[in-house]
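What follows is the residue order along each chain.
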Amino acid sequence: MDKADRVYMERAIELAKRGRGWTNPNPIVGAVIVKNGRIIGEGYHARYGGLHGEREAIRALTEPAEGADMYVTLEPCCHYGKTPPCTEAILEHKIKRVIIGSRDPNPMVAGKGAECLRKAGVIVEADFLREECDQLNRVFFHYITTKLPYVVMKYAMTLDGKIATCTGASKWITGEEARGMVQRMRHEYMGIMVGIGTVLADDPMLNVREEGRKSPIRIICDSRLRIPLDSRICRTAGQYPVIVACGTGDSEKEKQLIDMGIQVISVPDSQGRVDLGKLMFLLGGQGIDSILLEGGGELNESALAAGIVQEVKVFVAPKIFGGREAKSPVTGLGAALPEEAARLALENVVRIREDLLLEYKVIHANQGSFGK
Ligand code: AOF
Ligand code: ZN
């Protein structure tokens, strides 16, 4: 593989990214077809249920693809799903060589796509820029293998670890650009989840206010169904879907919420609170592959303790609020000893003007007595 191969695969990766937020729970995929050192077709999976990236590239061909190379970020599928197998289209168009980034862990495809092409005489080069390609579909890989949503905990705090001042004021902690980034981030997840405390304190909308982006399903963890019927979330349930998860329910309130078009899921744990593990199982079953968890502190701690969080994204603003009563991002009981801490691995540091975005992968969330 040489420099040109890298350039074409990088192009396929860029194309794949355009589908972000639109293909869930399916993957984002980009493909580039090259003949005699020129791109003769390129495309990406743009919408859930639409043509796969490979077929989009083929559809865009400007000349016959016979003898051409295809660079594709994910192993081509070989099954009949919503669309016919991409391997068939590749063979029909007599593409000679297929360069694949990620392997597809979908049991219907895993290894079979590449094998089907090889058997038909196509040269297949696998694992090319695999790490970069795998980064594109972390959510898909997690969801297709576990059927559980990929949960990302996100919060913004000051340098002294506060998410609000001592009076509860939190607008704003980070700058405008970092806040814009959060809006774009929300678009990439199928669900956005908060605890009832956040709804009672801030009466948030939890939608995406940018043109051309979609809003996630709003999921509220509300053990005792305290959500006010006149909260902005409830009032806009017809426009942006809402799921309220409760523990010990209240059938009258439940009925009122259902009448407003809200889905109520009752998943009590032994203490009558929301059983987050069970909730994730049910949300995964509904096709929700990804959730952005936006607090508050109690829910964040329960989520870490329940082991449902895969990633943590922290915005850090160059401010210090101070104040004994000022809220912090993770509360609950917390760890008793440093060795019982939730353990994370730093993956990325991004500077956004004066703010920082720190991205971590969760290694051990519920070790020792953390959260117990
Ligand atoms: C996509 N887009 O570009 C590629 C996919 O439900 P279907 O029939 O659209 O098939 C979905 C599966 O196809 C998906 O889980 C993945 O394994 C494979 N490849 N899917 O949505 C694409 N290349
Ligand atoms: Zn396909």
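These numbers come from a predicted model, not from an experiment.

## What about helix H6 (residues 138-146)?
Thought 1: Across the 9 residues that make up H6, a large majority, 7, are buried.
Thought 2: Where H6 terminates, the next one or two residues include Lys147, which has phi positive at roughly 65°.

## Section: the site of ligand 1
Thought 1: Inspection of the region around ligand 1 gives 16 residues, with His52, Gly53, Lys82, Asp104 and Asn106 positioned closest.
Thought 2: In the environment of ligand 1, an oxygen atom lies 3.0 Å from a nitrogen or oxygen atom belonging to the side chain of His45.
Thought 3: Asp104 is positioned such that a nitrogen or oxygen atom in its side chain is 2.4 Å from an oxygen atom of ligand 1.
Thought 4: Here ligand 1, which alone exposes 470 Å², has 96% of that area covered by the protein.
Thought 5: Tallied by class, residues from the shell around ligand 1 come to 5 nonpolar, 8 polar and 3 charged.

## Some thoughts on the coordination of the zinc ion (ligand 2)
Thought 1: Distances from the zinc ion (ligand 2) to its protein donors, namely His52 (ND1), Cys77 (SG) and Cys86 (SG), fall within the range 2.0 to 2.3 Å.
Thought 2: For the zinc ion (ligand 2), the single-chain donor residues occur in sequence as H-x24-C-x8-C. Of this pair, His52 sits in the loop between strand S2 (38-44) and helix H2 (53-59) while Cys86 sits in helix H3 (residues 86-92), and the two are 34 residues apart along the sequence.

## Concerning the environment of Tyr143
Thought 1: By the element assignment, Tyr143 lies in helix H6.
Thought 2: Taking the relative accessible area as the measure of exposure, Tyr143 reaches 6% and is therefore buried.
Thought 3: Note: C-alpha distance between Tyr143 and Pro25 (118 residues apart in sequence) is 7.7 Å.
Thought 4: In contact with Tyr143, other than residues within four places in its own chain, are Pro25, Leu148, Pro149, Gly284, Gly287, Ile288 and Asp289.
Thought 5: For Tyr143, the side chain forms a polar contact with the main-chain oxygen of Gly284, separated by 2.6 Å.

## A few points about the pattern of salt bridges
Thought 1: A complete count under the given rule lists 22 salt bridges for this structure.
Thought 2: Across the salt bridge formed by Arg103 and Asp127, the nearest N and O atoms sit 2.7 Å from each other. Of the two residues, Arg103 sits in the loop between strand S4 (97-102) and helix H4 (112-119) while Asp127 sits in the loop between strand S5 (123-125) and helix H5 (130-136), which places them 24 residues apart along the sequence.
Thought 3: Overall, the relative accessible area of 47% leaves Arg103 in the partly exposed class.
Thought 4: Connected through shared salt-bridge partners, Arg138, Glu311, Lys313, Glu347 and Glu359 make up one network.

## Some points on the domain arrangement of the protein
Thought 1: Each domain of the protein was delimited in the assignment, giving domain 1 (3-137) and domain 2 (147-364).
Thought 2: The gap between the C-alpha centroids of domain 1 and domain 2 is 35 Å.
Thought 3: Contact residues are listed per partner, giving 5 residues for domain 1 and 9 residues for domain 2.
Thought 4: Broken down residue by residue, the surface that domain 1 buries against domain 2 is led by Gly21, Trp22 and Asn24, which jointly contribute 66%.
Thought 5: Applying the counting rule to domain 1 against domain 2 returns 0 salt bridges.
Thought 6: For the pair domain 1 and domain 2, the number of links is 2 residue pairs in polar contact (both at pLDDT 80 or more).

## Some words on the sheet that holds strand S10 (residues 263-266)
Thought 1: Ordered by their spatial adjacency, 9 strands build an open sheet running S10-S9-S8-S7-S11-S6-S12-S14-S13, and the pairing between neighbours is mixed. Only two strands of the sheet have a single neighbouring strand rather than two, namely S10 and strand S13 (343-352). If you compare each strand with its neighbour and ignore which way they point, the axes differ by 20° on average.
Thought 2: As paired strands, strand S8 (residues 217-221) and strand S9 (residues 242-246) are joined by 4 bridges and run parallel to one another. Along S9, the bridge assignment pairs Cys221 with Ala245.

## So, the pairing of S8
Thought 1: Among the 5 residues in S8, 4 count as buried, and that is most of the element.
Thought 2: Note that strand S7 (residues 191-195) and S8 share 5 bridges and pair parallel. In the sheet register, Gly191 faces S8, and the bridge partner there is Ile217.
Thought 3: Viewed along the sheet, the connection from S7 through helix H8 (residues 196-202) into S8 turns out right-handed.

## Notes on the side chain of Lys253
Thought 1: Tracing the backbone shows Lys253 in helix H10 (residues 251-259).
Thought 2: It is Asp222 that comes nearest to the buried, bridge-free Lys253 among opposite-charge side chains, at 5.7 Å.
Thought 3: From its side chain, Lys253 meets the backbone oxygen of Leu225 in a polar contact 2.9 Å long.

## Comments concerning a nonpolar patch on the surface
Thought 1: Together, Leu148, Phe281 and Leu282 line one region of the surface with nonpolar side chains, adding up to about 270 Å² of accessible area.
Thought 2: If you trace the backbone, Leu282 turns up in helix H11 (residues 276-285).
Thought 3: On the accessibility criterion, Leu282 (37% relative accessible area) is partly exposed.

What counts and what doesn't
Residues numbered from 1 in each chain as written. Chains lettered and ligands numbered in written order. Predicted model: local features only at pLDDT ≥ 70, side-chain atom pairs only at ≥ 80, totals over all residues. Heavy atoms only, no water. Buried < 20%, exposed > 50% of the residue type's maximum accessible area, 1.4 Å probe, protein only. Helix = DSSP H or I, 4+ residues; strand = E, 2+ residues; numbered from the N terminus. Near = heavy atom within 4 Å. Polar contact = N/O pair within 3.5 Å; in protein donor to acceptor, adjacent residues only side chain to side chain. Areas by Shrake-Rupley, 256 points an atom, 1.4 Å probe, with all protein chains shown as cover. Nonpolar A, V, L, I, M, F, W, Y, C, P; charged D, E, K, R; others polar. Donors = N, O, S within 2.8 Å, 3.2 Å for Na, K, Ca; no water. Contact = heavy atoms within 4.5 Å. Salt bridge = Lys/Arg side-chain N within 4 Å of Asp/Glu carboxyl O. Domains from an automatic or database assignment. Buried area = accessible area lost by both parts, 1.4 Å probe. Pairing = 2+ DSSP bridges. Axes fitted to C-alpha atoms, helices over the stretch in contact; angles between N-to-C directions. Right-handed = clockwise from strand over helix to strand, strands pointing away. Lys, Arg positive; Asp, Glu negative; His and termini not counted. Patch = residues over 30% accessible without salt bridge, like charges linked within 9 Å, V, L, I, M, F, W, Y side chains within 5 Å.

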